[in-house]
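Summary of structural features
Chain by chain, the residues run as shown.
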Amino acid sequence: MKEIYFAGGCFWGTEHFFKQIEGVKDTEVGFANGRTEQPTYEEVYTDQTGHAETVRVVYDEAVADLEFLLNMFFKAIDPTSLNKQGHDEGTRYRTGVYYTSDEQLPVIRKVFAEQQAQLSEPIVVEVAPLQCFYAAEERHQDYLDKNPEGYCHLPLELFAFAKKARPTTHTGTPKGRENEDR
């Protein structure tokens, strides 16, 4: 299993989005790359801690590799919006990709370059090594599963899209089916 950390605005929707993707084995919402230790939600909400609402994503790279997950992430964010996603504003809602291994960086750079080529405005998504991550309180974990009518900045159609999305190999064949008889 591998892990990557995504800050995509409000962590409730970002977590729910990634939970739908085949190959994602675990998610956890929390606060990343800030200045304070063990921050509470209320502290992070003040925008004084430097933390971003972030989702830890544990994935099986044989099913969903990092390139696929990064491209899916770009479908769930506005990569040109600084410190704002949907109606949520503040540095805690900044977008970011926090990597756990230098081996992930070339893939991140490749996907960012491909995404930038499709945009007329610059991408403002932060890319940095994970410096720290603190799990959010239990009431925030799996929030939209516990509160299906709860607030989310992401449209419901995006969750359905994530559930149906399948990574493909370089030949366009769904992963895991490269050697099947056609």
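Just so you know, these numbers come straight off a predicted model, no measurement behind them.

1. Quick notes on the environment of Lys-75
- Structurally, the position occupied by Lys-75 is in helix α3 (residues 66-75).
- Separated by 50 residues in the primary sequence, Lys-75 and Val-125 place their C-alpha atoms 13 Å from one another.
- In this structure, Lys-75 is in contact with Leu-158 and Phe-161, ignoring residues within four places of it in sequence.

2. A word on the packing of α3 against helix α4 (residues 105-116)
- It is the contact of α3 with α4, at a shortest axis distance of 10 Å, that shows an interaxial angle of 40°. Put simply, α3 runs oblique to α4. For α3 against α4, the interelement crossing comes out right-handed. On the side of α3, the interface is formed by Leu-66, Glu-67, Leu-70, Asn-71 and Phe-74, while α4 contributes Val-107, Ile-108, Lys-110, Val-111, Phe-112, Glu-114 and Gln-115.
- Tallied by class, residues from the contact of α3 with α4 come to 7 nonpolar, 2 polar and 3 charged.

3. Remarks on the pairing of strand β1 (residues 2-8)
- Burial analysis of β1 places 5 of its 7 residues in the buried class, the great majority of the element.
- Relative to strand β3 (residues 52-59), β1 runs antiparallel, the two being bridged by 5 bridges. When the sheet's bridge partners are listed, Ile-4 is paired in β3 with Val-57.
- Relative to strand β6 (residues 95-99), β1 runs antiparallel, the two being bridged by 4 bridges. Looking across to β6, one finds that Gly-8 is bridged to Thr-95.

4. Topic: the confidence of the model for the protein chain
- Here the protein chain averages 92 in pLDDT, while 92% of its residues score no lower than 70.
- A low-confidence stretch, residues 169-174 (pLDDT under 50), is modelled with 7 contacts involving residues beyond four sequence positions or located in other chains.

5. Let's talk about the nonpolar core
- In terms of nonpolar packing, the biggest core is built from 43 residues, with Ile-4, Phe-6, Phe-17, Ile-21, Leu-69 and Val-97 touching the most fellow members.
- Among the elements that line this core, the one with the most residues is α3, at 7 residues.
- Among residues more than four places away in sequence, those in contact with Ile-4 are Val-55, Arg-56, Val-57, Tyr-59, Leu-66, Val-97, Tyr-98, Tyr-99, Gln-104 and Ile-108.

6. Remarks on the sheet that holds β3
- Strand order in the open sheet made by the 6 strands is β7-β6-β1-β3-β2-β8, with mixed pairing throughout. A single partner strand is all that each edge strand has here, and the edge strands are β7 (126-129) and β8 (133-135). Taken pair by pair, the neighbouring strands of this sheet meet at an average axis angle of 35°, ignoring direction.
- Inspection of the sheet shows β6 paired to β7 by 4 bridges, in the parallel sense. Following the sheet pairing, Gly-96 is matched in β7 by Glu-126.

7. Some thoughts on α3
- The buried count for α3 comes to 7 of 10 residues, which makes it a mostly enclosed element.
- What α3 keeps buried is the set Leu-66, Phe-68, Leu-69, Leu-70, Met-72, Phe-73 and Phe-74.

8. Describing the state of the cysteines
- Throughout the structure, instances matching the rule amount to 0 disulfides.
- Cys-10 takes part in no disulfide bond, and the closest cysteine sulfur to it belongs to Cys-152, at a distance of 6.5 Å.

9. As for the packing of helix α1 (residues 11-19) against helix α6 (residues 156-164)
- The N-to-C vectors of α1 and α6 enclose an angle of 30°; their axes lie 8 Å apart at closest approach. For the element pair α1 / α6, the angle class is roughly parallel. Across from Gly-13, His-16 and Phe-17 in α1, the residues of α6 making contact are Leu-158, Phe-159 and Ala-162.
- Here the residues of the contact of α1 with α6 are counted per class, giving 4 nonpolar, 2 polar and no charged.

The rules we used
- Residues numbered from 1 in each chain as written.
- Predicted model: local features only at pLDDT ≥ 70, side-chain atom pairs only at ≥ 80, totals over all residues.
- Heavy atoms only, no water.
- Helix = DSSP H or I, 4+ residues; strand = E, 2+ residues; numbered from the N terminus.
- Contact = heavy atoms within 4.5 Å.
- Axes fitted to C-alpha atoms, helices over the stretch in contact; angles between N-to-C directions.
- Parallel < 35°, antiparallel > 145°, perpendicular 65-115°, else oblique.
- Left-handed = near helix turned anticlockwise from the far one by under 90°.
- Nonpolar A, V, L, I, M, F, W, Y, C, P; charged D, E, K, R; others polar.
- Buried < 20%, exposed > 50% of the residue type's maximum accessible area, 1.4 Å probe, protein only.
- Pairing = 2+ DSSP bridges.
- pLDDT = per-residue confidence, 0-100.
- Core = buried A, V, L, I, M, F, W, Y, C linked by side-chain atoms within 4.5 Å.
- Disulfide = S-S within 2.5 Å.

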